Amino acid sequence: MRHTILFTAILLSVLLVGCSGGKLKVTSLKVEMQENPVGLNTLAPRFSWQISSTTPDLVQQSYQIQVALTEEELKKGINLLWDSGVVDSDLSVLIPYRGESLVSRGKYYWRVKVNSNQGSSDWSKIAHWSMALLDDSDWQAKWIGEDSLSNPGETAAKNTRLAARYLRKPFEANKGNIQSAVIYVSGLGSYEAYLNGKRVSEDVLAPTVSWYPNRVYYNTFDVTPLVKKGANLLAVKLGNGRFFGMRESPTQVFGLPRLLAQLEIEYADGSKEVIVSDETWKVTSKGPIVANNEFDGEEYDARLELAGWESAGYDDSSWLQADIMDAPGGKLTAQTNPNLRVMEEIKPVSITPLSDGKFILDMGQNMVGWLKVNNLNGKKDQPITFRFAEILNPDSTIYLANIRSAKVTDIYTPARDGAFSWEPSFVYHGFRFVEISGLDEEPALSNFTGKVVYDRMETTGWFETSNQVINQTFKNAYWGIRGNYRGMPTDCPQRDERQGWLGDRATGCFGEAFIFDNAHLYSKWTQDIEDSQSPEGSISVVSPRYWTIYHDDVTWPAAYFYAAKMLYHQYGDSEPIRKHYASMKRYLERVQEVSMQDFILTKDAYGDWCMPPERQELIHSQDPARKTAGAVLSTTMYYSLLNLMVEFAQLTGNEQDIPGFQELAGKIREAYNARFFNADSAKYDNNTVTANILSLQLGLVPEGKEQQVFDNIVQKTEVDFDGHVSTGVLGIQQLMRGLTQHGNVDLAYKIATNETYPSWGYMIKKGATTIWELWNGDTADPAMNSANHVMLLGDLIIWYYEDLAGIKNYPGSVAYKKLWMEPKFPEGLSHVKASYKSAYGEIRSEWSRENGKFSWNITIPGNSSAVVKLPKELQIATPDQPGVRNVTETESGIEIVLGSGSYTLVSK
Ligand code: RAM
């Protein structure tokens, strides 16, 4: 064993970064987890902040929050709407407002002051937030649009086709000096709004998608700098988005695009003016965007440009009077998850001419967003066509077989000879390669920019090791995850699907949360799931239910519960659990009613989806020995949901439900083991790794049998699969952590670093820059081989962070208030460098183990702490430095309790 003393004499030295008395700072003020948010809809918004100092072991002892209507009052401490008083507490994350009632449109200022074991802070900087429109009666605007198909080729049938709508409204702002202007706006499917020719925000493809019959989101923007005294012009462009959806279907095509806008201006004297969407607006669909469809692409005819339409002074006399449209039906709701944005720009790496005059552009990376064209030479009336693909055929042409019916084609028709610049407004593509036709000369790389588009959110984590397969897998995951955020987590970004499939994210959402601040996205998605629930309690495995699929299965709907749990665990946000508790309970009861027989859950739809098949050309395995029975999957996962509900019931004051959940869970466990467990061989059912690992990790294995079950998992993996993964998307959710927790991190590491099929490393070997849908994505039937799906990541990212870096919540702790840091050291891995920006601040873990030397840099943010555990063979000397709270030496190793600060543990 590697226990052979690699580290003969290891000395711990705890180095404090900047030991001298550091001033206590309060930073990163957030309301509802956002800095200075605009348009909140909760009456008890929650405050968070971070504290730091250069002296270690910083702990908050009390806080005081104050809220006022103006900065001046707040500074003076007068007319406060809320003064929390000094509250003895070490909590600094998600503290709810408890002051006077908040009102529609209200703008509020707040500050916080803390007391700590290192003294008191000053008052923080002043931060603010504003409220949205809280009542339906606040709305005076009407839904408007152009209520007909009036252009050639337009259709709501099959592959839908429709031109963008352009709407405009001149207005005067003459009543005095403008104090403030706020716009509340929704445009379905997608809108772009302009005030006096300027975009009201950089957001794209707004508002966020929803199940429109139940809910419609609107956005709030402070547009004070854009409104001017005198003549003004409000203009909006409407695209189809998911409202006039991409394919004919009653759950995808809800109606023609429509706008709801209300601009509220307040003058210095307190008087108000409200500009609303109504029949006085003008509309046209005869503009340059002659078609837009997220699957099929955008067609832009520059000859139809409406120069200056978005500014005052444009002659719109030929435009139509806007039609009043029906309200889309759903509850008008202030959107609190950020919209999509262009989050990054990349440059292509090569251009290859083909013999037929076309060119192939290589972005060097499978990305999601669109292509912007810069100063490209075109010819009058000669369309230039862009087709988007993830992969090339061997002859260098683009491979479109895996895109199915999506046409993925943008077309630009120049109005004149010469250079033009352009980018689409209402579509996005998943692509690495672009085929360009219609050019007379070879373009330059500088003619193109890849715009990477996804929900605005912070990148919170980075991860690097001494192993290149792990590093590239992490990068592929990073690109795949963000490429599949579109106001909902999608399965894929390129083919004619792009839906919010639940199963793909059940465990993945947790791993993703280390890399991206996905709190808002997932809490919004849990609402989509409830909005898509059937009256009987069934959950649609695609939510929002643009594809309405109620199977009453368990493994896909489990994502609802797992995502809510993730939000609590990772961010300390218990709101989604509270909000959806009743809906989750309804679902569990429904499934019990229609699927449970003798305490076995019988219904399952997808099996252990996408396990590596016995033949490389297959999508799904046909070999019964590889497949895990549906009832095994449903029953183990249902059992885990009941256990989660026990936790959720505790958290939400629903203790009365607990005995019922526990009793049912007990009976299910018993029935499951009676039916599927062979006590002699310690094998579940047909002994697949998935059957055994789910039973083990979800807690169904009879006490005392765990080791034997685990041995079967190892045996099967090593002998039958030569140290390779054999699971689909279900087994993989527990595999890496399971192998590690039961003592075989080396096997987990082998799986993580394999380069032969099936493995993440194999995908990389075959040129993948994202994660594939299938382990055999290069050889399987193109009907289902997306090159950008994230579901096969399973618990890999969690394993990177928790087990390799040792960044993990202490049992019972949430949001990393207290960490459990016990990295594992697989043979062959010599260093790990990880960072994660938690709600308390940035956590870092960087260890290296080389030539018998061990060194570990740890950073713990202010107001949090960590229990660090290292094995005996590292022979850690008892540390005695500031910040070290406690040291316990046991038979197995050493346990050190650290307060905040930066530490280095080194061997000699
Ligand atoms: C495919 C989707 C998705 C998966 C379902 C079952 O069509 O791409 O990834 O969850 O099937």
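Preceding block: the structure.
Now for a description of the structure that goes with this document. (Residues numbered from 1 in each chain as written. Predicted model: local features only at pLDDT ≥ 70, side-chain atom pairs only at ≥ 80, totals over all residues. Heavy atoms only, no water.)

Let's shift gears to the environment of Pro702. Within the secondary structure layout, Pro702 lies in the loop between helix H9 (689–697) and helix H10 (706–720). In this structure, the C-alpha to C-alpha distance between Pro702 and Ala834, residues 132 residues apart in sequence, is 37 Å. Here Pro702 is in contact with Arg669, Asn673, Phe677 and Tyr684, once residues within four sequence places are set aside. (Helix = DSSP H or I, 4+ residues; strand = E, 2+ residues; numbered from the N terminus. Contact = heavy atoms within 4.5 Å.)

With that out of the way, let us pick up the environment of Leu259. Of note, Leu259 is situated in strand E17 (residues 258–267). Setting aside chain neighbours within four positions, we find Leu259 in contact with Lys142, Trp143, Ile144, Leu167, Val185, Ser186, Gly187, Val236, Leu238, Ser277 and Trp281.

On to the sheet that holds strand E19 (residues 282–284). Strand order in the open sheet made by the six strands is E14-E13-E16-E11-E19-E22, with antiparallel pairing throughout. Every interior strand has two partners, whereas the edge strands, strand E14 (198–199) and strand E22 (320–321), have only one. Relative to E22, E19 runs antiparallel, the two being bridged by two bridges. Within the sheet, the bridge partner assigned to Val283 lies in E22 and is Leu320. (Pairing = 2+ DSSP bridges.)

Taken together, Asp491, Arg495, Glu497, Trp501, Asp504, Trp556, Tyr606, Trp609, Glu773, His789 and Met791 form the complete shell of residues around the ligand. Contacts to the ligand include Trp556, whose side-chain N or O atom sits 3.0 Å from an oxygen atom. At a separation of 2.8 Å, an oxygen atom of the ligand approaches a polar side-chain atom of His789. For the ligand, whose accessible area on its own is 290 Å², the fraction buried by protein is 95%. Classifying every residue of the shell around the ligand gives five nonpolar, one polar and five charged. (Near = heavy atom within 4 Å. Polar contact = N/O pair within 3.5 Å; in protein donor to acceptor, adjacent residues only side chain to side chain. Areas by Shrake-Rupley, 256 points an atom, 1.4 Å probe, with all protein chains shown as cover. Nonpolar A, V, L, I, M, F, W, Y, C, P; charged D, E, K, R; others polar.)

This paragraph deals with the pairing of strand E34 (residues 448–455). Most of E34 sits inside the fold, with eight of its eight residues counted as buried. Examined bridge by bridge, strand E27 (residues 359–378) and E34 share five bridges and lie antiparallel to one another. The residue bridging Lys372 from the neighbouring strand is Thr449, located in E34. (Buried < 20%, exposed > 50% of the residue type's maximum accessible area, 1.4 Å probe, protein only.)

One finds Phe386 and Phe561 to be the most contacted residues of the largest nonpolar core, which totals 221 residues. For this core, the leading source of residues is helix H7 (residues 630–651), giving 13 residues. Contacts of Phe386, omitting those with residues within four sequence positions, involve Leu371, Val373, Val408, Thr409, Asp410, Tyr412, Trp422, Val434, Glu435, Ile436 and Phe448. Residues Ile144, Ile183, Val227 and Leu234 belong to the second largest nonpolar core, which totals 28 residues. (Core = buried A, V, L, I, M, F, W, Y, C linked by side-chain atoms within 4.5 Å.)

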